[in-house]
Amino acid sequence: MSSSAASEASRGVLGRGAIYALGTAGPILANTLVTPALTRVFRDDVGEYGQILKALVVLQVVMMLASLGMPSVITRQGMLARGGVAGARDLLLRASFAGAGLAILAAVTSPLWHGLVGGTALVTALAVLGGGAFVAVENSQAMLRVLDRPGAFVTVSVLATLGGPLIGLASTLLWLRSAWVYVVGVAVGYALAGAVGLVLTGRGKRRREPGDLRRALRMGTPLLPHMVALYCANGGMLFVASSLYDDAAAGRLGIALLLGVAPGVVTSALNNSWAPVVFAATPQDRVPVLERTTADIAMLTATVAGGVSVLSPWLLQAFADSRYQPLALVPAVGLAGIGTVLAIGYLANSHLLFVQGRTTALAIITPVSLAVGMTVAYLAGRLDLRAVALGFPATYACQWALVSLARHAGRADRWRQSVLVIPVLYGAAACLLGAWLPASGVTSFVRLPVAAGLGLVALWQVRRVVRR
């Protein structure tokens with residue numbers, strides 16, 4: 001692979017494929033605009049806000065479990081399998097209705113197990129139903145990738161991740177200020193988005209091959225432990241904070257984590273275009289493509305993570321008023337931000353595992369890494385609530401190491417992981433600087449020139465990728 005072709009790969013990640021990244025990350029990040037209003041709605045009962053955050057974790061986990069791993073299989077079915085688009089459409093509908101059925105069953109039985117997640121039976125049941133609706137959203141988006149309809153993809157994403165929070169916020173303002181009311185709004189948003197997604201994708205020819213559902217389940221279900229554990233790298237820390245302190249502490253920490261992991265949301269969304277670029281490369285070109293794209297994405301992520309950490313005193317105060325003690329949470333933002341940079345190493349190595357089809361290892365590696373991260377979060381959190389955020393970088397450091405070992409053991413392509421040394425050191429330094437600099441008073445304004453410098457670095461990085 002020539003240098004120019006590797007450069008083209010990096011530009012490709014930020015090109016048409018990035019539309020799907022925008023469709024994934026944009027509404028999620030826009031959803032953060034609801035947070036300042038939501039925290040103020042529950043300013044007199046921070047514990048209710050903590051219950052909302054935990055309910056949203058339950059919703060996401062239920063979506064993953066009830067989906068049975070079908071979203072990724074639907075995309076593969078449409079692009080590679082004999083059934084093609086018609087077969088993918090049949091799988092889409094069957095998987096969506098099955099996911100809804102599983103969620104309804106879990107909601108009906110939630111009085112028996114809601115104590116395991118520390119929420120009320122009503123809030124838990126509503127979150128579970130929202131997760132069932134979310135299955136249809138994810139399946140529809142997978143089908144829209146097959147159909148190459150980025151505009152419709154963005155529409156469904158906006159309805160799901162922004163429409164629900166807005167409905168929930170309006171309900172709490174106009175009706176009743178309660179966690180369960182807000183969760184109803186979120187669930188309604190996902191249900192509407194799921195219905196729209198199924199209308200956009202479900203019409204047309206369907207084809208059912210004998211045994212196709214069984215084959216799909218064999219491909220999808222092994223990824224469930226990996227998917228759930230990957231999400232809980234962030235969401236699990238809320239439950240650690242709640243167990244060590246209370247729901248109010250979980251609510252406070254949740255604001256810091258929302259900001260700290262925001263750069264990781266962008267990276268994960270970019271993975272919608274990054275992974276296909278790596279997969280599509282020829283065998284002799286794949287390693288150079290991976291090395292170039294990894295270095296570029298890691299530097300950009302490090303810069304954004306550092307910028308968020310440096311600006312965190314003002315961002316936190318914008319997101320929550322003094323009753324949440326936002327300035328005390330500044331160090332937690334920086335600690336979480338380091339994890340978003342370490343995650344690039346995990347993603348790069350996992351791409352090579354997916355190329356080989358050796359994904360079974362992830363079903364073990366990710367839960368083990370999560371256990372390590374949550375243990376670190378618990379032990380550190382016993383000293384200070386903010387130290388719970390250490391669980392995020394600990395999880396991804398462990399995951400990077402274990403996935404790298406799995407790649408080596410599986411004799412996948414070897415690549416120079418040294419390309420990540422500078423981005424990781426740079427990102428960690430910027431995040432720690434943001435955690436250490438004064439957070440209040442006149443001296444806090446020293447952060448502004450630092451943030452400006454990081455912004456210039458980000459612009460230079462994008463310009464270098466585009467013009468290389």
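Keep in mind it's a predicted model, so treat the numbers as computed, not measured.

(A) Spatial organisation of the environment of Tyr-346. The residue Tyr-346 is located in helix H17 (residues 330–356) in this model. Look at Tyr-346 and you get buried, because its relative accessible area is 4%. Residues Tyr-346 and Tyr-396, spaced 50 residues apart in sequence, show a C-alpha to C-alpha distance of 7.0 Å. Not counting residues up to four positions away in its chain, the partners in contact with Tyr-346 are His-226, Leu-230, Leu-362, Tyr-396, Gln-399, Trp-400 and Val-403. At a separation of 3.2 Å, a polar atom in the side chain of Tyr-346 contacts the side chain of His-226.

(B) Summary view of the layout of surface pockets. Considered as a void within the structure, the second largest pocket measures approximately 280 Å³ in volume. For the second largest pocket, the full set of lining residues is Val-57, Val-58, Val-61, Val-62, Leu-65, Ala-66, Leu-102, Ala-103, Ala-106, Trp-113, Val-117 and Phe-239. Within the residue set of the lining of the second largest pocket, elements represented by two or more residues are helix H4 (46–67) and helix H6 (84–108). Per-element tally for the lining of the second largest pocket: the top contributor is H4, with six residues. Split by residue class, the lining of the second largest pocket holds 12 nonpolar, no polar and no charged.

(C) A look at helix H18 (residues 362–381). In this model H18 runs 27 Å from its N-terminal to its C-terminal C-alpha over 20 residues, within 8% of the 28 Å that 1.5 Å per residue would give. Lining the buried residues of H18 we find helix H12 (224–244), H17 and helix H19 (391–409).

(D) The arrangement of the packing of H4 against helix H10 (residues 179–202) in detail. Taken N-terminus to C-terminus, the directions of H4 and H10 make an angle of 30°; their axes are 9 Å apart at the nearest point. Taken together, the axes of H4 and H10 are roughly parallel relative to one another. The two elements H4 and H10 meet at a crossing, and its hand is right-handed. Across from Glu-48, Gln-51, Ile-52, Ala-55, Leu-56, Leu-59 and Gln-60 in H4, the residues of H10 making contact are Ala-179, Tyr-182, Val-183, Val-186 and Tyr-190. Among the residues forming the contact of H4 with H10, the class breakdown is nine nonpolar, two polar and one charged.

(E) The packing of aromatic side chains, seen in detail. Under the defined criterion, the tally for this structure stands at six aromatic pairs. Measuring from centroid to centroid gives 6.1 Å for Tyr-346 and Tyr-396, while their planes differ by 50°, and the two rings are tilted. Within this pair, whereas Tyr-346 is found in helix H17, its partner Tyr-396 is found in helix H19, the two being separated by 50 residues in sequence. Taking 5.2 Å as the distance between ring centres and 70° as the angle between the ring planes, the aromatic pair formed by Phe-392 and Tyr-396 counts as edge-to-face. Highlighted residues: Phe-392 and Tyr-396, both in helix H19, separated by four residues, approximately one helical turn. Judged by its relative accessible area of 9%, Tyr-396 is buried. An aromatic cluster of at least three residues, connected via ring pairs, comprises Tyr-346, Phe-392 and Tyr-396.

(F) Examining the side chain of His-226 more closely. Relative to the assigned elements, His-226 resides in helix H12. Among the polar contacts made by the side chain of His-226, one reaches the side chain of Thr-366 at a distance of 2.6 Å. His-226 has contacts with Tyr-346, Leu-362, Ala-363, Thr-366 and Gln-399, leaving out every residue within four places of it along the chain.

(G) Here's a closer look at the pattern of salt bridges. Taken as a whole, this structure holds six salt bridges when the rule is applied. Here Asp-44 makes a salt bridge to Arg-323, at a shortest N to O gap of 2.2 Å. In this pair, Asp-44 sits in the loop between helix H3 (34–41) and H4 while Arg-323 sits in the loop between helix H16 (312–319) and H17, placing the two residues 279 residues apart along the sequence. Across the pair Arg-416 and Glu-291 runs a salt bridge whose closest N-O atoms are separated by 3.1 Å. Linking Arg-416 in the loop between H19 and helix H20 (421–436) with Glu-291 in helix H15 (residues 283–310), this pair joins segments that are 125 residues apart in sequence. The exposure class assigned to Arg-416 is partly exposed, which follows from its relative accessible area of 48%. For Glu-291, a relative accessible area of 12% corresponds to the buried category.

(H) Structural context of the nonpolar core. One finds Tyr-190, Trp-274, Trp-415 and Leu-420 to be the most contacted residues of the largest nonpolar core, which totals 107 residues. Counting residues per element, this core draws most heavily on H17, at 15 residues. Residues within four places of Leu-420 in sequence aside, it is in contact with Thr-294, Ala-298, Ile-344, Gly-345, Trp-400 and Trp-415. Ranked by size, the runner-up nonpolar core spans 13 residues in total, among them Val-73, Ile-74, Ala-88 and Leu-91.

(I) Focus on unusual backbone geometry. Positive phi values are uncommon outside glycine, yet Leu-68 reaches one of about 60°. Note on placement: Leu-68 falls in the loop between H4 and helix H5 (70–80). For Leu-68, a relative accessible area of 25% translates into the label partly exposed. With phi around 50°, Gln-325 is a residue other than glycine that occupies positive phi space. Note on placement: Gln-325 falls in the loop between H16 and H17. Since its relative accessible area comes to 47%, Gln-325 is described here as partly exposed.

(J) Seen up close, a nonpolar patch on the surface. A cluster of nonpolar side chains, Ile-364, Val-368, Val-372, Val-376 and Leu-390, forms an exposed patch at the surface whose accessible area comes to about 360 Å². Here Leu-390 lies in the loop between H18 and H19.

(K) Structural view of the packing of helix H8 (residues 121–147) against helix H9 (residues 150–174). At a minimum axis distance of 9 Å, the contact between H8 and H9 shows a crossing angle of 165°. The angle between H8 and H9 falls in the class roughly antiparallel. Here H8 runs over H9; the crossing is left-handed. For the pair H8 and H9, contact is made by Val-137, Gln-141, Leu-144 and Arg-145 and by Ala-152, Phe-153, Val-156, Ser-157 and Ala-160, respectively. Of the residues in the contact of H8 with H9, the class split is six nonpolar, two polar and one charged.

About the criteria used
- Residues numbered from 1 in each chain as written.
- Predicted model: local features only at pLDDT ≥ 70, side-chain atom pairs only at ≥ 80, totals over all residues.
- Heavy atoms only, no water.
- Helix = DSSP H or I, 4+ residues; strand = E, 2+ residues; numbered from the N terminus.
- Buried < 20%, exposed > 50% of the residue type's maximum accessible area, 1.4 Å probe, protein only.
- Contact = heavy atoms within 4.5 Å.
- Polar contact = N/O pair within 3.5 Å; in protein donor to acceptor, adjacent residues only side chain to side chain.
- 1 Å grid on protein atoms, 1.4 Å probe; cavity = no way out; pocket = protein on both sides within 12 Å on 5 of 7 lines; lining within 4 Å.
- Points joined across faces, edges and corners; volume = space filled by probe spheres on them.
- Nonpolar A, V, L, I, M, F, W, Y, C, P; charged D, E, K, R; others polar.
- Expected span 1.5 Å × (residues − 1).
- Axes fitted to C-alpha atoms, helices over the stretch in contact; angles between N-to-C directions.
- Parallel < 35°, antiparallel > 145°, perpendicular 65-115°, else oblique.
- Left-handed = near helix turned anticlockwise from the far one by under 90°.
- Phe/Tyr/Trp six-rings, centres within 6.5 Å; stacked < 30°, edge-to-face > 60°.
- Salt bridge = Lys/Arg side-chain N within 4 Å of Asp/Glu carboxyl O.
- Core = buried A, V, L, I, M, F, W, Y, C linked by side-chain atoms within 4.5 Å.
- Patch = residues over 30% accessible without salt bridge, like charges linked within 9 Å, V, L, I, M, F, W, Y side chains within 5 Å.
- Areas by Shrake-Rupley, 256 points an atom, 1.4 Å probe, with all protein chains shown as cover.

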